[in-house]
Amino acid sequence: MPNQSKQHHKVLILGSGPAGLTAAIYAARSNLQPALISGPEPGGQLTITTEVENFPGFPEGIQGPEIMKLFRIQAERFGTQFYTGEALIVNLSSRPFQLKTDSVEVTCDTLIVATGASARWIGLDSETRFQNRGVSACATCDGFFFRGHEVAVVGGGDTAMEEALYLANLCKKVYVIHRRDELRASQIMQERAFQHESITFIWNSVVEEVLGNDQQGMTSLKVKNIQTNEIKDYPLTGLFVAIGHVPNTKAFADQLTLDENGYIVVKPGTTYTSVEGVFACGDVQDRVYRQAITAAGTGCMAAIDAERWLAEHTS
Ligand code: NDP
């Protein structure tokens, strides 16, 4: 029996990005009175991007924070209860599941994990200063604004190659800055990048500083060769940081099956995790597509999976 001093919910959703809020809309419309804990980045990754032009239904585009506000209003309209805070303690070993944030303690019959992933950043102050004004972590989201420009991508993995190839079809020139002289990316992605005439590699190098001003945003990039210590300025208007994403799964480390990169493993074609009654959707279980629309799609799946699971397991 649920502890009566804690709020109990049939469906509890963690995360307020497109996946979590879509799950909330569907669960609320199924009369499951869901609650949603909106975490440390309310609205998720879309709130750190500018214009969203690839979400169907918005032919003129829409600002990232604005579309997330609309998602939330829609979830509220059907009666989702919102909490704010980070789920610090999660106990999935007994039923009902128990969660604790710094301000609330709740229990639930089903849990939908939509905590997303966060882009890994280099960690420079100037990188933060020019975020959305030259610095981005998503070429599919922001690359269009750099058509005909010269830009750089940082990283040597598959994401960096994917970003570079995507940008190479839009931009005049793409520099790939990598800290070693060997890529981590798969062979096929490496070959594609090497063969593209608009992509140039800057090896053994790191970004020292993003330079620019308030009017124009980023105007150049200071790059240091870590073998020779030589510093060179590149007149570029865009920097795409592609040094990996970190799925937000710390609270579930020993409770749900995660893959080698920390993403939640789901049963293929569903949102079922390794624990019965726990479902995962959005970027926390997807390291391949990572789009708002795919996150929303899996959010819908999670709500339907949770509803059916409840129908089968409760009287
Ligand atoms: P990875 O961890 O594979 O690569 C990260 C890259 O960033 C590495 O080259 C790393 O350098 C570099 N890096 C890390 N930290 C820093 C830093 N602080 N400063 C500078 N450079 C840094 O991440 P990805 O996002 O590329 O890929 C994650 C996983 O997703 C991989 O398994 C990948 O294969 C997969 N993936 C698959 C895709 C597909 O199949 N289509 C597409 C995208 C990703 P170093 O090499 O020196 O460690």
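Basis of the calculations
- Residues numbered from 1 in each chain as written.
- Predicted model: local features only at pLDDT ≥ 70, side-chain atom pairs only at ≥ 80, totals over all residues.
- Heavy atoms only, no water.
- Pairing = 2+ DSSP bridges.
- Helix = DSSP H or I, 4+ residues; strand = E, 2+ residues; numbered from the N terminus.
- Axes fitted to C-alpha atoms, helices over the stretch in contact; angles between N-to-C directions.
- Contact = heavy atoms within 4.5 Å.
- Phe/Tyr/Trp six-rings, centres within 6.5 Å; stacked < 30°, edge-to-face > 60°.
- Buried < 20%, exposed > 50% of the residue type's maximum accessible area, 1.4 Å probe, protein only.
- Polar contact = N/O pair within 3.5 Å; in protein donor to acceptor, adjacent residues only side chain to side chain.
- Left-handed = near helix turned anticlockwise from the far one by under 90°.

(A) Layout of the sheet that holds strand β14 (residues 205–213). Taking strand neighbours across the sheet as the criterion, the three strands line up as β14-β15-β16 in an open arrangement whose pairing is antiparallel. At either end of the open sheet lies a strand with only one pairing partner, and these are β14 and β16 (231–234). Taken pair by pair, the neighbouring strands of this sheet meet at an average axis angle of 25 degrees, ignoring direction. Here strand β15 (residues 217–225) pairs with β16 via four bridges, running antiparallel. When the sheet's bridge partners are listed, Val223 is paired in β16 with Lys232.

(B) Spatial organisation of the sheet that holds strand β17 (residues 238–241). Strand order in this open sheet of five strands is β10-β17-β11-β12-β13, and the pairing throughout is parallel. With partners counted over all chains shown, the strands left at the sheet margins are β10 (135–136) and β13 (199–202), one partner each. Bridging between strand β11 (residues 150–154) and β17 involves four bridges; their strand directions are parallel. Its bridge partner being in β17, Val151 is matched across the sheet by Gly238. With respect to the sheet, helix α5 (residues 158–168) is in contact with β11, β12 (173–177), β13 and β17, its orientation differing from that of β11 by roughly 170 degrees.

(C) Geometry of the packing of aromatic side chains. Taken as a whole and judged by the stated rule, the model has eight aromatic pairs. Judged by centre distance (5.0 Å) and plane angle (80 degrees), the rings of Tyr272 and Phe279 are edge-to-face. Note on Tyr272: relative accessible area 22%, which makes it partly exposed. On the basis of relative accessible area, Phe279 is assigned to the buried category, the value being 0%. Clustering of aromatic rings is evident, with ring pairs tying together Phe55, Phe58 and Phe71.

(D) Region of the structure containing the side chain of Ser136. Among the secondary structure elements, Ser136 is positioned in strand β10. With a relative accessible area of 4%, Ser136 lands in the buried category. At 2.8 Å, the side chain of Ser136 and the side chain of Asp142 are in polar contact. Setting aside anything within four residues of it in sequence, one finds Ser136 in contact with Trp121, Asp142, Leu239, Phe240 and Val241.

(E) Representation of the environment of Gly282. As for its placement among the helices and strands, Gly282 is situated in the loop between β19 (278–280) and α7 (292–313). Given a relative accessible area of 2%, Gly282 falls into the buried group. In sequence terms Gly282 and Thr115 are 167 residues apart; their C-alpha atoms lie 7.9 Å from each other. Residues within four places of Gly282 in sequence aside, it is in contact with Ala19, Ala295 and Thr298.

(F) Geometry of the packing of helix α1 (residues 18–29) against α7. As a packed pair, α1 and α7 sit with axes 7 Å apart at the nearest point and diverge in direction by 35 degrees. Regarding α1 and α7, the two cross each other, and that crossing is right-handed. From α1, Pro18, Ala19, Thr22, Ala23, Tyr26 and Ala27 reach across to α7, where they touch Ala292, Ala295, Ala296, Gly299, Cys300 and Ala303.

Limitation: the analysis is restricted to geometry and does not speak to function.
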